[in-house]
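Inside the fold
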Amino acid sequence: MIVFGTLFFNYRKIYKVGFTWNFLMVQSSLNNIFESFIERKSIFQNKDVLNLKFSPENIPHREKEINQIASILGTSLRLEKPSNIFIYGKPGTGKSLCASFVLLQLNQIAIKKSIPLKTVFINCKLGKIADTEYRLLAQLAREFGKNVPNTGLPTSEIYKAFYNEADKEKRIILIILDEIDQLVKKCGDEVLYNLTRINQELKRAEICLVGISNDLNFLNDLDPRVKSSLSEEEIFFSPYDAIQLKDILLERAKLAFNESVIGEDIISKCAAYAAREHGDARRALDLLRVSAELADRNGDAKINEIHIDMAEEKIEKDKYVEIVKTLPEQKKILLEAGISILSEVNRRINTGELFNVYKTYCIKYGIRPLTQRRISNMIAELDMLGLLNAKVTSFGRYGRTKEISLYIPRESIDKINKILTQPAEK
DNA sequence: CGAGATTCATGTGAAGTATACCTTTAGGCTTAA
DNA sequence: AAGCCTAAAGGTATACTTCACATGAATCTCGTA
């Protein structure tokens with residue numbers, strides 16, 4: 001208790017000093033910047049519309065899919081358990097958006113007519129709250145208002161907690177598991193098996209599962225029992241083409257910008273850029289948002305082609321920066337080591353080399369290095385994140401190793417290095 | 001010359017360990033009768 | 001004596017380590033033509 005108190009006191013002192021210093025330094029120049037912002041009319045009407053989290057009222061070119069989902073889940077309004085659904089398709093094809101859209105509508109009707117319906121949307125993405133069996137169940141239990149600890153309890157206990165909360169009253173429960181493939185890749189399909197089976201044990205409530213996956217082959221690796229029960233219905237989302245993307249962007253642009261800020265030709269170009277890859281609407285929206293931000297910051301009244309080109313470049317650079325920022329410390333050091341030798345020697349390196357360099361970096365920062373075994377796994381994880389490219393290759397007589405090369409483009413390296421060295425020095 | 005054995009350097013799975021955190025429980029302290 | 005607080009005990013998940021065996025093609029070995 002006493003130790004904690006003093007620590008806290010010190011922290012406050014440091015914080016206070018730092019704050020006043022910064023404030024004095026920055027104050028005068030800030031005033032000018034702020035004033036220019038007030039004078040100039042913003043090109044945005046409602047910037048949130050371009051945010052990925054925003055859910056529009058209109059979802060163009062997905063009417064068919066939405067109707068499909070809705071007609072399957074609709075039975076829940078008659079208190080009949082809907083079929084489980086498995087939704088799959090490439091990233092940025094609107095899977096999550098459509099699912100949560102239908103969920104929202106269902107919820108509204110359910111509330112209006114006081115139908116006992118509970119909906120839960122959980123993202124199982126790695127590094128998020130629900131990427132293990134325990135964490136998924138804990139999150140579910142929390143959704144039902146039961147406060148459970150992050151660790152310490154047996155998984156069966158959490159399972160029971162969720163089960164009890166869910167079964168409290170007669171109702172239909174819709175659980176949407178986004179990026180379900182990542183969860184299964186990390187800890188197997190046992191969770192899903194349990195969840196699909198839980199219905200037989202529930203007395204009052206009934207659970208319906210909706211799995212969303214980016215991985216098209218995900219179902220094949222599943223336990224056949226889970227596979228058949230999870231995919232009672234399957235819905236495939238095909239990528240958008242350039243024309244569809246344009247419609248989506250037009251829809252959003254109408255809401256996001258003030259009038260005559262952006263021309264239709266510019267939007268077409270945005271759509272064309274994004275369609276070039278694989279019809280990723282997320283990317284198209286990002287492109288539009290970033291170019292608008294650039295234009296706004298530049299003081300330009302209109303968005304033009306140059307902004308889009310700049311945005312394209314910036315996104316390409318920042319894509320990696322964002323990922324790197326959220327990396328745990330050990331992985332940052334590993335990545336820093338990787339970047340340093342890979343930019344020094346112009347060839348692919350192997351696990352042993354990288355591990356040695358990594359160790360020297362650990363010593364430099366005074367951090368205990370992890371074992372090679374763990375590093376091997378981490379390299380694979382960085383590969384999954386698209387930061388490194390690690391391919392297992394055999395050199396016959398000369399052993400077998402991962403051939404590692406950098407996935408990050410040269411231009412982003414500087415930016416990433418800044419992030420990498422910063423926290424490690426503390 | 002070619003089939004099969006060998007080899008290397010690491011991949012990979014499983015079991016074990018350390019850490020952080022949770023609940024339960026027992027003992028001590030406080031409070032009120 | 002009842003109620004509350006605290007610390008220890010007993011238990012778990014997670015991240016990591018240790019151990020042991022698996023991999024896979026270049027190279028070596030040796031029998032055969």
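Here is a short report on the structure shown in this document. (Residues numbered from 1 in each chain as written. Chains lettered and ligands numbered in written order. Predicted model: local features only at pLDDT ≥ 70, side-chain atom pairs only at ≥ 80, totals over all residues. Heavy atoms only, no water.)

As a further point, take the protein's contact with DNA strand C. Of all residues adjacent to DNA strand C, which total 20 residues, the nearest are T132, T155, T371, R374 and R400. Each atom of DNA strand C within 4 Å of the protein was classed as base or backbone; sugar and phosphate made up 73%. At 3.2 Å, a side-chain N or O of S394 approaches a base nitrogen of DNA strand C. Here a base oxygen of DNA strand C sits 3.4 Å away from a polar atom, N or O, in the side chain of R400. Looking at the surface near DNA strand C, the elements that each hand over two or more residues are helix 4 (133–143) and helix 15 (372–384). For the surface near DNA strand C, the class distribution of residues is seven nonpolar, eight polar and five charged. (Near = heavy atom within 4 Å. Polar contact = N/O pair within 3.5 Å; in protein donor to acceptor, adjacent residues only side chain to side chain. Helix = DSSP H or I, 4+ residues; strand = E, 2+ residues; numbered from the N terminus. Nonpolar A, V, L, I, M, F, W, Y, C, P; charged D, E, K, R; others polar.)

In the vicinity of DNA strand B, 16 residues are found, and the nearest of them are T351, R373, R397, G399 and R400. Take the atoms of DNA strand B that sit within 4 Å of the protein: sugar and phosphate atoms are 66% of them. At 3.4 Å, a backbone N or O of G352 approaches a phosphate oxygen of DNA strand B. The separation between a sugar or linking oxygen of DNA strand B and a polar main-chain atom of R400 is 2.8 Å. Breaking the surface near DNA strand B down by element, the ones donating at least two residues are helix 14 (351–365), helix 15 and strand 7 (400–406). Here the surface near DNA strand B gets three residues from one element, more than from any other, and that element is strand 7. Partitioned by chemical class, the residues of the surface near DNA strand B number three nonpolar, nine polar and four charged.

In this section: the sheet that holds strand 5 (residues 233–237). Here five strands make up an open sheet; going across it, the order is 2-3-4-1-5 and the pairing parallel. Strands with a single pairing partner mark the edges of an open sheet, and in this sheet they are strand 2 (117–123) and strand 5. Averaged over all pairs of adjacent strands, the angle between strand axes in this sheet comes to 15 degrees, irrespective of strand direction. Both strand 2 and strand 3 (residues 172–178) contribute to a ladder of seven bridges, which runs parallel. Looking at strand 3, one finds that F121 is bridged to I176. Helix 2 (residues 63–73) rests against strand 1 (85–89), strand 3, strand 4 (206–213) and strand 5 of the sheet, and its axis sits at about 160 degrees to strand 5. (Pairing = 2+ DSSP bridges. Axes fitted to C-alpha atoms, helices over the stretch in contact; angles between N-to-C directions. Contact = heavy atoms within 4.5 Å.)

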